[in-house]
Amino acid sequence: DGGITQSPKYLFRKEGQNVTLSCEQNLNHDAMYWYRQDPGQGLRLIYYSQIVNDFQKGDIAEGYSVSREKKESFPLTVTSAQKNPTAFYLCASSPEDYGETQYFGPGTRLLVL
Amino acid sequence: KQEVTQIPAALSVPEGENLVLNCSFTDSAIYNLQWFRQDPGKGLTSLLLIQSSQREQTSGRLNASLDKSSGRSTLYIAASQPGDSATYLCAVTVIIGAQKLVFGQGTRLTINP
C-alpha cells in the first residue's frame, strides 16, 4: 500500500533532550512537509523540502531541524531550544504538480515529562 | 499575510440535517482551496479540492463552493450522519517555490443520532 508513515505514535521528551520524529513515504513524491498542530488550532508549517538535500524554513522553524538525505524520508528533530514542544506533529507529501493535494501521515503526539 | 478563518468553531446538529461550514481568507491570490477532515488523534484526509478557476466541487453528499473575489468558501453536507462527526479544516494553497497550505482553525462537527 502506498502512503505516509510516522513513528512513533507517542513520544515523551525530557527537559534538555533532543528527540527525532520519523516520516517515511512510498508515494514517490518530491515535496515533503512538517506541520505542528496545537489544540483547537489549525496546522502551522515548520519546514518543507522540495528535493533531496534541500529544505526551507516554514513559519515556525525555531527550535526544530530537519534533513532530507533520501527522497522517501524527512525526519524532524525537536531540539532543546524548542521551549514549548507539546503538540501533535503531522508530516505530509505532495507531487511536483501544484494542482495536487498534500497527503498526510497519521501524526506523532509529543509530550514533555 | 494570508489568514484563514473558520466559523463556527464547533457545531452540533441532529442526524439528517443539512449543514454549512464557512471558511474565509484574506488574500484572493490563492492557487486552490481544500477541505480536509480530521478524526480525533488522526491525520488529515482531503475531501474536496477547488482550483482557483473553479466555483464548486462535489463528492457524494459534500459540496464545496469558492468565491475568490469575496474570499469565501462553504462546505455543504447533505443529510448528515453520525459518521460525519469530525473536525473539518479549510486550507488555501499559496505558491512559495513549493505549495504552502495556510489552514483555518477548523470546525468541530458533532452529529447527534
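Going by the structure above, here's the rest.
What you are looking at is a predicted structure, and each value in this text was computed from that prediction instead of being measured. (Residues numbered from 1 in each chain as written. Chains lettered and ligands numbered in written order. Predicted model: local features only at pLDDT ≥ 70, side-chain atom pairs only at ≥ 80, totals over all residues. Heavy atoms only, no water.)

Caption draft 1: Expanded view of the interface of chain B and chain A. If you look at the interface, chain B gives 23 residues, while chain A gives 25 residues. The junction of chain B with chain A conceals about 1800 Å² of combined surface from both sides, 53% of it contributed by carbon and sulfur atoms. Linking chain B to chain A there are one salt bridge. Between Lys100(B) and Asp59(A) there is a salt bridge; the shortest N-O distance is 2.8 Å. (Contact = heavy atoms within 4.5 Å. Buried area = accessible area lost by both parts, 1.4 Å probe. Salt bridge = Lys/Arg side-chain N within 4 Å of Asp/Glu carboxyl O.)

Caption draft 2: View of the sheet that holds strand E1 (residues 4-7) of chain A. Residue and element names in this part refer to chain A. With antiparallel pairing, the four strands of this open sheet are ordered in space as E1-E3-E8-E7. Bordering the open sheet on either side are E1 and strand E7 (64-66), each of which pairs with just one other strand. Averaged over all pairs of adjacent strands, the angle between their axes in this sheet comes to 20°, without regard to strand direction. With three bridges connecting them, strand E3 (residues 19-25) and strand E8 (residues 76-78) associate as antiparallel partners. Note on E8: the bridge partner recorded for Thr-20 is Thr-77. (Pairing = 2+ DSSP bridges. Helix = DSSP H or I, 4+ residues; strand = E, 2+ residues; numbered from the N terminus. Axes fitted to C-alpha atoms, helices over the stretch in contact; angles between N-to-C directions.)

Caption draft 3: Quick look at the pattern of salt bridges. The tally for this structure, following the rule as stated, stands at six salt bridges over all chains. Residue Asp38(A) is joined to Arg44(A) by a salt bridge in which the shortest nitrogen-to-oxygen separation is 2.8 Å. Among the salt bridges present, the one from Asp39(B) reaches Arg37(B), with a minimum N-O distance of 3.0 Å. Each of the salt bridges in this network shares a partner with another, and the network as a whole consists of Arg36(A), Asp38(A) and Arg44(A).

Caption draft 4: View of the sheet that holds strand E6 (residues 56-59) of chain B. Residues and elements named next belong to chain B. Read across the open sheet, the five strands follow the order E1-E3-E8-E7-E6; overall the sheet is antiparallel. Because the sheet does not close on itself, it has two edges, and the strands there are strand E1 (4-7) and E6. Within the sheet, the average angular offset between the axes of one strand and its neighbour, ignoring direction, is 15°. In the sheet, strand E7 (residues 62-67) pairs with strand E8 (residues 72-77) via six bridges, with the strands oriented antiparallel. Among the inter-strand pairings, Asp-67 is bridged to a residue of E8, identified as Arg-72.

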